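# An overview of the molecular structure
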Amino acid sequence: MQDIQTGPIELAARRALVDVAHLFYERGWAYGTSGNYSVVLSRDPLRLLITSSGRDKRALTPDDLLVVDETGRPIEPTPGAAPSAETLLHTLLATVRPEVGAVLHTHSVWNTILSRGLAGRGELSIAGYEMLKGLSGITTHEATARIAVVDNTQDIAALAGQLRPRLAASDPALQHAFLMSGHGLYTWGRDLSEARRHVEILEFLFEVVGRRQPI
Ligand SMILES: [Zn+2]
């Protein structure tokens, strides 16, 4: 059964992703063409609306987004537009985690500093902060958020292959997000507003952790 959402719903999703891009640029989380964002438009078949590669996030428009299938290929060829290699991480999350409705990837100063400093350590644990309660499923500041740290790579297909079994097994270090060392943050949510909240919460926590301790 097909349940592709088109028309006003897709248009609303395009506008919502553009708003996210402009917000993240203003917050310093999306300088230049860095980062990519997606929302799930439909699940059967899977259709993702995702930012086209190489677009300036400050100037992003609704036309700078593409609809791709579960393999990351555009549904319709769009001259001058192409999905980035990292689209595979978005389709991975959307296929392995059916509850995921949006995926956001940011390059910020603090996620770059922290992830670089944690290279090779496997994960970052954050505990004791009230803001942790902004992450879905966390109800007390006494909880610990575990965030996987993976090596940066240009071989995104290989990275997706490494992450797939961990995501499928509900690895606790991949409940909310992961960091690519020296590169940036991937986080997700049931919908775009939850994913955006996770970026806001995590970027806040990364800066707090980064300012408090030598990495
Ligand atoms: Zn990136």
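Before going into details, it helps to say that this report is about the structure given with it. (Residues numbered from 1 in each chain as written. Predicted model: local features only at pLDDT ≥ 70, side-chain atom pairs only at ≥ 80, totals over all residues. Heavy atoms only, no water.)

### Details of the coordination of the zinc ion
Each protein donor to the zinc ion is listed here as His105 (NE2), His107 (NE2) and His183 (NE2); together their distances run 2.1 to 2.2 Å. On the primary sequence, the residues serving as donors to the zinc ion are separated as H-x1-H-x75-H. Here histidine 107, found in the loop between strand E4 (102-106) and helix H3 (109-117), pairs with histidine 183, found in the loop between strand E7 (177-180) and strand E8 (184-189); they are 76 residues apart in sequence, far enough to count as distant. The class of histidine 107 is partly exposed, set by a relative accessible area of 27%. (Donors = N, O, S within 2.8 Å, 3.2 Å for Na, K, Ca; no water. Helix = DSSP H or I, 4+ residues; strand = E, 2+ residues; numbered from the N terminus. Buried < 20%, exposed > 50% of the residue type's maximum accessible area, 1.4 Å probe, protein only.)

### What about the environment of glutamate 200?
Assignment of secondary structure puts glutamate 200 in helix H5 (residues 192-212). With a relative accessible area of 30%, glutamate 200 lands in the partly exposed category. With sequence-adjacent residues up to four places away left out, glutamate 200 is seen in contact with Leu23 and Trp29. (Contact = heavy atoms within 4.5 Å.)

### With respect to the pattern of salt bridges
Evaluation of the coordinates by the stated rule reveals seven salt bridges. Ionic pairing is found between arginine 55 and aspartate 64, a salt bridge with its closest N-O pair at 2.8 Å. In this structure, arginine 55 and aspartate 64 share a single accessibility class: buried. (Salt bridge = Lys/Arg side-chain N within 4 Å of Asp/Glu carboxyl O.)

### Points about helix H4 (residues 156-168)
An ideal rise of 1.5 Å per residue puts 18 Å on 13 residues; H4 measures up with 18 Å between its terminal C-alpha atoms. Approximately 25° is the largest bend angle found in H4, and it occurs at glutamine 162, with the proline proline 165 only one to four residues beyond. Along H4, the residues that are buried comprise Ile156, Leu159, Ala160, Leu163 and Leu167. Turning to H4, the residues buried within the fold contact helix H2 (87-96), strand E6 (144-150), E7 and E8. (Expected span 1.5 Å × (residues − 1). Bend = angle between axes of the 7 residues up to and from the residue.)

### Some words on the pairing of strand E3 (residues 65-68)
In E3, alternate side chains face the same way, and those of Leu65 and Val67 on one face and Leu66 and Val68 on the other are all buried. Pairing between strand E2 (residues 46-51) and E3: four bridges, direction antiparallel. Note that in E3 the partner of leucine 48 across the bridge is valine 68. (Pairing = 2+ DSSP bridges.)

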